[in-house]
Structure formats: structure tokens, C-alpha cells
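This is what each chain is made of:
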Amino acid sequence: MQITTLAKEVQPYVVEMRRYFHQHPELSNREDKTIQRIAQELTDMDIPYEEIPKGGILATIQGLDPGKGKTVLLRADIDALPVQEQPCNLSQPRVCQSQEDGVMHACGHDGHIAMLLGAAKILSSHREAIHGTVLLLFERGEENGGGIGYILAYMDRHGIRPDTVYGTHMSASLESGKVGVITGGAASTAMGFDITLHGRGGHGSRPDLAVNPVDCFVAIYNGLQAARLTKVTPLCAADPLHRLGGGRHREKHHSKRPAVCRDGAAV
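Below is a short write-up of the structure. (Residues numbered from 1 in each chain as written. Predicted model: local features only at pLDDT ≥ 70, side-chain atom pairs only at ≥ 80, totals over all residues. Heavy atoms only, no water.)

## Comments concerning the overall build of the protein chain
- Along the backbone of the protein chain there are 5 helices and 11 strands.
- Scored against the burial criterion, the 267 residues of the protein chain give a buried share of 33%.
- Contacts spanning at least 24 positions in sequence make up 72% of the contacts within the protein chain whose residues lie at least 6 apart.
- Summed over all atoms, the accessible surface of the protein chain reaches about 16200 Å², with 54% contributed by carbon and sulfur. (Helix = DSSP H or I, 4+ residues; strand = E, 2+ residues; numbered from the N terminus. Buried < 20%, exposed > 50% of the residue type's maximum accessible area, 1.4 Å probe, protein only. Contact = heavy atoms within 4.5 Å. Areas by Shrake-Rupley, 256 points an atom, 1.4 Å probe, with all protein chains shown as cover.)

## Here we look at the pairing of strand β4 (residues 132–139)
- Of all 8 residues making up β4, 8 are buried, and the element is well covered by its neighbours.
- With burial as the criterion, each face of β4 is covered, one bearing G132, V134, L136 and F138 and the other bearing T133, L135, L137 and E139.
- Pairing of strand β2 (residues 56–62) with β4 involves 7 bridges; the strand directions are antiparallel. Bridge assignment links T60 to a residue of β4, and that residue is L135.
- The sheet contact formed by strand β3 (residues 70–77) and β4 spans 8 bridges and is parallel. Note that in β4 the partner of A76 across the bridge is F138.
- Regarding the hand of the β-α-β motif, the stretch spanning β3, helix α3 (residues 109–124) and β4 is right-handed. (Pairing = 2+ DSSP bridges. Right-handed = clockwise from strand over helix to strand, strands pointing away.)

## Notes on the sheet that holds β4
- Spatial ordering of the open sheet is given by β1-β2-β4-β3-β5, a layout of 5 strands whose pairing is mixed. With partners counted over all chains shown, the strands left at the sheet margins are β1 (49–52) and β5 (164–167), one partner each. Neighbour to neighbour, the strand axes of the sheet diverge by 20 degrees on average, direction disregarded.
- In this fold helix α2 (residues 32–44) packs onto β1, β2 and β4, with an angle of close to 10 degrees to the strand it touches most, β2.
- Its contacts with the sheet put helix α4 (residues 148–157) on β1, β2, β3 and β4, and the angle it makes with β1 is roughly 130 degrees. (Axes fitted to C-alpha atoms, helices over the stretch in contact; angles between N-to-C directions.)

## Remarks on α3
- The terminal C-alpha atoms of α3, which comprises 16 residues, lie 22 Å apart, in line with the 22 Å expected from a rise of 1.5 Å per residue.
- By the criterion of burial, α3 is predominantly enclosed, with 13 of the 16 residues buried. (Expected span 1.5 Å × (residues − 1).)

## Observations regarding the nonpolar core
- I38, L42, I47, L117, L136 and F138 are the most contacted members of the largest nonpolar core, which totals 29 residues.
- Among the secondary structure elements, those contributing two or more residues to this core are α1 (3–23), α2, β2, β3, α3 and β4.
- Core analysis: the second largest hydrophobic core is formed by 8 residues, L58, I151, Y154 and M155 among them. (Core = buried A, V, L, I, M, F, W, Y, C linked by side-chain atoms within 4.5 Å.)

## Re the side chain of E26
- Inspection of the secondary structure puts E26 in the loop between α1 and α2.
- One buried charged residue, E26, forms no salt bridge at all, with the nearest opposite charge on K33 at 5.9 Å.
- A polar atom in the side chain of E26 sits 3.5 Å from the backbone nitrogen of D32.
- Discounting chain neighbours no more than four positions away, the residues touching E26 are E31, D32, K33, T34, D79, A80 and V103. (Lys, Arg positive; Asp, Glu negative; His and termini not counted. Salt bridge = Lys/Arg side-chain N within 4 Å of Asp/Glu carboxyl O. Polar contact = N/O pair within 3.5 Å; in protein donor to acceptor, adjacent residues only side chain to side chain.)

## Concerning the packing of α1 against α2
- In contact at an axis separation of 11 Å, α1 and α2 are set at 160 degrees when each is read in the N-to-C sense. For the element pair α1 / α2, the angle class is roughly antiparallel. The chirality of how α1 crosses α2 is right-handed. Between α1 and α2, the contacting residues are Y13, E16, M17, Y20 and F21 on the first element and T34, R37, I38 and E41 on the second.
- In the contact of α1 with α2, the residues fall into 5 nonpolar, 1 polar and 3 charged. (Parallel < 35°, antiparallel > 145°, perpendicular 65-115°, else oblique. Left-handed = near helix turned anticlockwise from the far one by under 90°. Nonpolar A, V, L, I, M, F, W, Y, C, P; charged D, E, K, R; others polar.)

## Focus on a nonpolar patch on the surface
- Among the surface-exposed residues, Y166, V179 and V181 lie close enough to one another that they form a single nonpolar patch of about 370 Å² accessible area.
- Within the fold, V181 resides in the loop between β5 and β6 (192–198). (Patch = residues over 30% accessible without salt bridge, like charges linked within 9 Å, V, L, I, M, F, W, Y side chains within 5 Å.)

## A few points about unusual backbone geometry
- The backbone of N29 sits at a positive phi, close to 70 degrees, despite the residue not being glycine.
- Within the fold, N29 resides in the loop between α1 and α2.
- Residue classification places N29 among the partly exposed residues on the basis of a relative accessible area of 38%.
- A positive phi angle, close to 60 degrees, is found at D46, a residue other than glycine.

Take a look at the structure:
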């Protein structure tokens, strides 16, 4: 297959798909219309697929001799973010804009869907060049981790064991027209946790008799902030702590010192 030539041929289709999904974004675990459109595109390409409840879509392209080759899985995430899109980008009006108030494909998943559908169009039209099996995974709920558990459970039940997995993903650090392949971790995930600090409440006139958990929180925050800025590179596989909000406590009266401080963070 002349991949570059074929990619140029499907480029208008990929652009069309990207703009459609950008205009019709859906939040995590609510991607019903997105799933319907993906399913329709796969049907038009004569690619069989299974819809995994709460997980997404898993499609299969069989080569001429699938039993003797490898199984490769190509994956795209499909959910959007609760972000209000502005009509202009950094320099000019946007070519297309979200039609859903307060929802936007701000993380590029519209492009990921479009790229995977473009790959599906090329591969399904050249099955004779595939000596193995290509799986196409369209993942729900990537932003909140809601879909992957259902996908992995489905694959385990059905004995689906790909030899390798590629995630279709865009990178602002690459020039347009280039493709990057990396060994090992290519991206990070976010794992949230809650923090509860227990102190001892007291009156504002005698802070020396109280143990203020907010002071403790500030010390923790400053230490983590210093570590993030001076000890850990954001480009390493183990993503550093990247969000730690202000403390929340029960007492709202200015003359009281709180007994409990709660907050959350993500790594």
C-alpha cells in the first residue's frame, strides 16, 4: 500500500469527520450520538463491530490470512470536556465551533475519532495487504476513566488479546505532517484523591491553644509546589502533582479556628 497517497485521498473525509464531531461534542459516558455516527460510518465501510455497553465500540478488520498474523489494536477516545468554546482561537475565527453550550472537544478527541475512521477507510479497502487482524477501539469516558473497565472486561471475557496497541493521538509538539512513535509511556493519566487534615478548633483570640489544619495544608501545598517546580519534569512518564486547590473547612465565622480541612488533588 502507498500509505502517503492513500492518506491524502482520505484527508477530505478525515477533515469532514473532525468538523462534525467538533460541532457535536458529548461529555464522558454520554456519547450516544457520537457512538451512533461512528457505527454508521463503520457500517458504510462494511466493517463489523460490537458495541460494548458503557465502554464504546470495538470493530474488526480481518486480513486475508488472519490466523497467521498479528493482532493490532488502534484506539481513539471519543468524549469531550465541559468547556465553553470561544468563537476565535489565538489568531482568527474558528473554522468550526461547538454547537453544544458549555461542551467542547478541547482535548482533541474529535481529531482522534476522525483519524481512526480515516485509518479504517484505508485498511478496510486493502484487506489483501493485511496479514492478521486490526481492531478499532472507540473508547467512551476516557476523561473520567469510566469506559476502560468495561472494555477490558469485555475483551477478557471474549479472549481478545492484541499483540500490540496504538493510541491515535495528536501532539502540539510535532510539526503538521509528521508522525511520532514512542517506546514506553507516551502520555499520562489523572488519578484523584482526597485529603482530610484533622486539627483542633479554638477561638480566634487564642490561636496558640488551637491546631489549625489550614496552616498544615499551606505547608503541604508549598512543599508539593516546590517539588513539582524544581524536582520533577512534566515530560517524565510519572506525571507530577499538577493540581492542588485551596483548603475547605467547616468554620465560616472569622473568630473561630477550624478543626478540619479538606481538599483534593490529582496526579
